[in-house]
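If you want the building blocks of each chain, they are given just below.
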Amino acid sequence: MLVYFVTDEPTKLPAIRAMLEPQHAVVPWVLDSDGTGIRAHGVLMVDVDLRQMPRADQLKLILQELTAVPERLFVVPAHARSMVAQAYALGATAVISRAKEAVPKIAQIEYAESAAEAAADPALAMDSGAAAFASMFSNVRLGRPLKVADAKRATSEIVQRVGQDGLSTWLDEVRRYHEGTFQHCLLVTGVAVAFALDVGFSERDVSRLGMAATLHDIGKARIPLSILDKPGRLDPDEEAIIRRHPAIGYDLLRGVAGISPEILDGVRHHHEYLDGSGYPDGLKASQISDLVRLLTISDIFAALIESRPYRAPMPRPDAYEILRSMEGKLEGALLRAFRNVALGS
Ligand SMILES: [Fe+2]
Ligand SMILES: [Fe+2]
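Residues numbered from 1 in each chain as written. Chains lettered and ligands numbered in written order. Predicted model: local features only at pLDDT ≥ 70, side-chain atom pairs only at ≥ 80, totals over all residues. Heavy atoms only, no water.

Helices and strands together make up the secondary structure of the protein, namely 18 helices and five strands. Across the 345 residues in the protein, those meeting the buried criterion constitute 52%. Sequence-distant contacts in the protein: of pairs separated by 6 or more residues, those separated by 24 or more amount to 63%. When the accessible surface of the protein is summed, it comes to about 15,000 Å², and 54% of that surface belongs to carbon and sulfur atoms. (Helix = DSSP H or I, 4+ residues; strand = E, 2+ residues; numbered from the N terminus. Buried < 20%, exposed > 50% of the residue type's maximum accessible area, 1.4 Å probe, protein only. Contact = heavy atoms within 4.5 Å. Areas by Shrake-Rupley, 256 points an atom, 1.4 Å probe, with all protein chains shown as cover.)

Right, let's talk about the coordination of the iron ion (ligand 2) for a bit. Distances from the iron ion (ligand 2) to its protein donors, His184 (NE2), His216 (NE2), Asp217 (OD) and Asp299 (OD), fall at 2.1 to 2.3 Å. Going along the chain, you hit the donors of the iron ion (ligand 2) in the pattern H-x31-H-D-x81-D. Separating the iron ion (ligand 2) from the iron ion (ligand 1) is a gap of 3.4 Å, bridged by Asp217, which donates to each. One exposure class covers both His216 and Asp217, and it is buried. (Donors = N, O, S within 2.8 Å, 3.2 Å for Na, K, Ca; no water.)

All right, on to the coordination of the iron ion (ligand 1) then. Taken together, the protein ligands of the iron ion (ligand 1) are Asp217 (OD), His245 (NE2), His270 (NE2) and His271 (NE2), with distances of 2.1 to 2.2 Å. Coordination geometry of the iron ion (ligand 1): the four donor atoms subtend angles of 84 to 173° at the metal centre, consistent with an arrangement described as irregular. Within one chain, the residues serving as donors to the iron ion (ligand 1) are arranged as D-x27-H-x24-H-H. (Tetrahedral: all angles 85-135°; square planar, octahedral: opposite > 155°, others 65-115°.)

Further remarks concern the pattern of salt bridges. Using the criterion set out here, one finds 15 salt bridges in the structure. In this structure, Lys12 and Asp47 form a salt bridge, with 3.0 Å as the shortest nitrogen-oxygen distance. Here Lys12, found in the loop between strand 1 (2-7) and helix 1 (13-20), pairs with Asp47, found in strand 3 (residues 43-47); they are 35 residues apart in sequence, far enough to count as distant. For the salt bridge of Arg161 with Asp165, the shortest nitrogen-to-oxygen distance reads 3.7 Å. Taken together, the positions of Arg161 and Asp165, both in helix 7 (residues 148-165) and four residues apart, correspond to about one turn of that helix. Where salt bridges share partners, they join Asp8, Lys12 and Asp47 into one cluster. (Salt bridge = Lys/Arg side-chain N within 4 Å of Asp/Glu carboxyl O.)

Here we take up unusual backbone geometry. With omega at 5°, the peptide bond leading from Tyr279 into Pro280 counts as cis. Position of Pro280 among the secondary structure elements: in the loop between helix 14 (261-269) and helix 15 (290-305).

We now examine the nonpolar core. Val6, Leu59, Phe74, Leu215, Leu323 and Phe338 are the most contacted members of the largest nonpolar core, which has 91 residues in total. The residues that make up this core include at least three from each of domain 1 (1-145) and domain 2 (146-345). Once you skip the residues sitting within four places of it in the chain, Val6 turns out to touch Trp29, Leu31, Leu44, Met45, Val46, Asp47, Val48, Leu59 and Ile62. (Core = buried A, V, L, I, M, F, W, Y, C linked by side-chain atoms within 4.5 Å. Domains from an automatic or database assignment.)

To continue, consider the pairing of strand 3. Of all five residues making up strand 3, five are buried, and the element is well covered by its neighbours. Alternating residues of strand 3 divide into Val43, Met45 and Asp47 and Leu44 and Val46, and every residue in both groups is buried. Bridge count for strand 1 against strand 3 is five bridges, and the pairing is parallel. Across the sheet, Tyr4 pairs through a bridge with Leu44, a residue of strand 3. Relative to strand 4 (residues 72-76), strand 3 runs parallel, the two being bridged by three bridges. Paired with Leu44 across the bridge in strand 4 is Arg72. Crossover connection from strand 3 via helix 2 (residues 53-64) to parallel strand 4: handedness right-handed. (Pairing = 2+ DSSP bridges. Right-handed = clockwise from strand over helix to strand, strands pointing away.)

Attention now moves to helix 13 (residues 245-253). Of all the positions in helix 13, only His245, Pro246, Gly249 and Leu253 are classed as buried. Buried positions in helix 13, seen along its axis, are confined to an arc of 100° and lie on one side of it. Those residues of helix 13 hidden inside the fold are in contact with helix 10 (203-215), helix 12 (236-242) and helix 14. Positive backbone phi, approximately 85°, marks Gly255, located one or two places after helix 13. (Arc of directions from axis to C-beta.)

On to the pairing of strand 2 (residues 25-30). Here strand 1 pairs with strand 2 via six bridges, running parallel. Paired with Tyr4 across the bridge in strand 2 is Val27. After leaving strand 1, the chain enters helix 1 and then returns to the sheet as strand 2, a path that is right-handed.

We now examine the confidence of the model for the protein. For the protein, the mean per-residue pLDDT works out to 83, and 86% of the residues sit at or above 70. Low pLDDT, under 50, characterises residues 100-126; the stretch is placed with 52 contacts to residues that sit more than four places away or in other chains. (pLDDT = per-residue confidence, 0-100.)

What follows is the structure in structure tokens.
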């Protein structure tokens, strides 16, 4: 079998060769060098330090050429737990920890059944919230069924982390390491959970809002990455495509066991505004539930404070001012209640 080995460190090559050859042919691809013309068969193995943004960006470009390679195994150092979710965000179908075994047997690559199972590796459990989230998202992107257990695991992990360490710690950590849509959804869930805890929601309602936030943009898993990750403004056609994501998410989740009507409502309606100017259904105030109102505020706030390669994150007070200027579309009383969460006071 052909094993395409993408790395940022040529010094890692001899060990891989010693381990895999002659049974398997190793085709190296060192970042900064020209590509090797990878074909659709074979296995892709990636060993790159994803904590270095320029490295992750280079790798992203390479992976865009390789969407036809079905199995993508990422090797991450055991101590770099944040790299696990990052790996899934970049399209890994399985992630292994280097401490467990320096290089896996090819059989393990062949039989790595799903990203979710790899994420269940106890060595990687510390970042399991983000990893479960990322594996859920990549499953949907690959056309596999959504695993509600992944969403539940991600949500309860985030509820625990935000409850324990506070929202600011969560925001800092997520913004440092996670890619576009993943970062956004992890931030929205953190913000929504902090909001629910701050206004004294019951444990059940915190989880309910958390699950709605975890899943709110799941429909984006079916939107082309070229549109999702496009830096700068979208043209009207691209805008129309991205505006389909609430309905796509709703269709993906409708009828799935464990998904309550409130979650479906949040997924479909988190872009609705009280004045009827939102989408996809143009709902008016009386038709928009409290859970959706909280989710919408959390969603907009998180989008404003995200960190993107092409712009610095907006300071939280500035983001809060923008939200305040949207009173009428968003509920005034809720915006005032959100002040503490937004400003971290
Ligand atoms: Fe959305
Ligand atoms: Fe969103």
